[in-house]
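Breakdown of the fold
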Amino acid sequence: MNCKLLTAAALAITLVGCASTSTKPTAKVEPSIEPFNEVVISYTPTNYALVTKYTGRGATGLGNLGGLLGPLGLLAAVAIDQAVEAGVASKNLERTEALDKTIKGKAADWDVNRVQAEYIGAKIAQETGAQVKLLARASTASGVAAPAALADKQARVELESVTGYGAVGTTDSFKPIVITKYSVQVGNPARVVLGQELVTFQPANEETYMTWAGVLADAEKVPAMAQRQLRQHADKINTELLAAWQRAKLKANAPAASAPSSEQKVAAVQ
């Protein structure tokens, strides 16, 4: 199957037998960004999840459903269909908690979200010379709060990333799922100038598992897989952000158009 960039709606149809990545805007995006000299990168500490009957809808409904199950159930909450029987939802939460606990107990490098934030920050600092600060925040439980105001020449990158394994049915194998939601904000009051949701399901060259026990047995390998996929998401974010920054810098440095002189006005009339 020829796997291309998919919309979230098409992703559910194409999940079986296909490594897929979807991208969609998460907010109405402003057309421009101001040059900045300070960037705050806000990220959520890593949570891992396991889901049966994954529908391919990415992080849709992240706040509303995630709050019912707590931060460890974020991916489980958003990935199951609301019509799925309660037993599947309960099993998803139980396995999510077990996988998260096992990974964090065995792998020293489990906080891959911080690694992703550091990678984005290092690239921004290198390319723009801006001062970069990292800020860990709790996962959202009931929607997204209004962004705080930003000072002049300051920008904020908000990241919310989740890693897990999902199966589209009870007899399907478990495949990697990596989701990154991000937004870039500037101004006072703060406004979103860039934003997307990146969803990767069944990436090429990554292991899949026929059973839940297989996933759990290989728990120590999950952070390395997550870092590889989150690095690809980070590269997409950096490419878009830095391109917007370069356009803003060129615009800010462009000479202002001067008003026509009286002689030019007379010549135009003649």
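Above: the structure in question.
First, a word on what this report is: a plain description of the structure on this page.

Reading guide: rules and limits
Residues numbered from 1 in each chain as written. Predicted model: local features only at pLDDT ≥ 70, side-chain atom pairs only at ≥ 80, totals over all residues. Heavy atoms only, no water. Core = buried A, V, L, I, M, F, W, Y, C linked by side-chain atoms within 4.5 Å. Buried < 20%, exposed > 50% of the residue type's maximum accessible area, 1.4 Å probe, protein only. Helix = DSSP H or I, 4+ residues; strand = E, 2+ residues; numbered from the N terminus. Contact = heavy atoms within 4.5 Å. Pairing = 2+ DSSP bridges. Phe/Tyr/Trp six-rings, centres within 6.5 Å; stacked < 30°, edge-to-face > 60°. Expected span 1.5 Å × (residues − 1). Polar contact = N/O pair within 3.5 Å; in protein donor to acceptor, adjacent residues only side chain to side chain. Salt bridge = Lys/Arg side-chain N within 4 Å of Asp/Glu carboxyl O.

So, on to the nonpolar core. Ranked by internal contacts, the top residues of the largest apolar core, which has 24 residues, are Ile-33, Phe-36 and Leu-159. Elements supplying a minimum of two residues to this core: strand E3 (38-43), helix H5 (112-128), strand E6 (154-167), strand E7 (175-186), strand E8 (191-201) and helix H7 (222-253). Top contributing element to this core by residue count: H7, with 6 residues. Residues in contact with Phe-36, not counting those within four places in the same chain, are Ile-124, Thr-128, Ala-130, Lys-153, Gln-154, Ala-155, Leu-241 and Trp-245. Counting residues in each nonpolar core, the second largest holds 18 residues, with Leu-50, Val-112, Val-215 and Ala-226 among its members.

Below, the discussion takes up the pairing of E8. Sheet faces and side chains relate simply in a regular strand, where the side chains alternate between the two faces. Among the 11 residues that make up E8, 9 are buried, leaving the element largely enclosed by the rest of the structure. Summarising the sheet, E7 and E8 pair through 10 bridges and their orientation is antiparallel. By the bridge assignment for E8, Val-186 is matched with Arg-191.

So, about the packing of aromatic side chains. By convention here, two paired aromatic rings are described through the distance between centres and the angle between planes. Under the counting rule described, the total for this entry stands at 2 aromatic pairs. Note on Phe-36 and Trp-245: the rings are 6.3 Å apart at their centroids and 50° apart in plane angle, and the pair reads as tilted. Pair noted here: Phe-36 is in the loop between strand E2 (20-24) and E3 and Trp-245 is in helix H7, with a separation of 209 residues, a long-range link. Across the pair, exposure class does not vary: Phe-36 and Trp-245 are buried alike. Plain terms: the ring middles of Tyr-165 and Tyr-209 are 5.7 Å apart, the flat faces sit at 75° to each other, and that makes the pair edge-to-face.

Counted at 1.5 Å a residue, the expected span for H5 with its 17 residues is 24 Å, and the 24 Å between its end C-alpha atoms agrees. Within the span of H5, buried status applies to Val-112, Asn-113, Gln-116, Ala-117, Ile-120, Gly-121, Ile-124 and Thr-128. Looking at the buried side of H5, the elements it contacts are E3, strand E4 (48-52), strand E5 (131-136), E6, E7 and H7. With its phi angle positive at about 80°, Gly-129 sits one or two positions after the end of H5.

Looking now at the side chain of Asp-100. Tracing the chain through its elements places Asp-100 in helix H4 (residues 86-106). Its relative accessible area of 5% is what places Asp-100 among the buried residues. Among the polar contacts made by the side chain of Asp-100, one reaches the main-chain amide nitrogen of Tyr-48 at a distance of 2.8 Å.

This part is about the pattern of salt bridges. With the rule as written, the count across this model stands at 10 salt bridges. In this structure, Arg-137 engages Glu-160 in a salt bridge whose closest nitrogen and oxygen atoms are separated by 3.9 Å. Note that Arg-137 is positioned in the loop between E5 and E6 and Glu-160 in strand E6, a separation of 23 residues in sequence. Lys-175 is the salt-bridge partner of Asp-172, the closest N and O atoms lying 2.7 Å from each other. Using a relative accessible area of 17% as the deciding quantity, one classes Asp-172 as buried. Linked through salt bridges whose partners overlap, the residues forming this network are Glu-207, Asp-218 and Lys-221.

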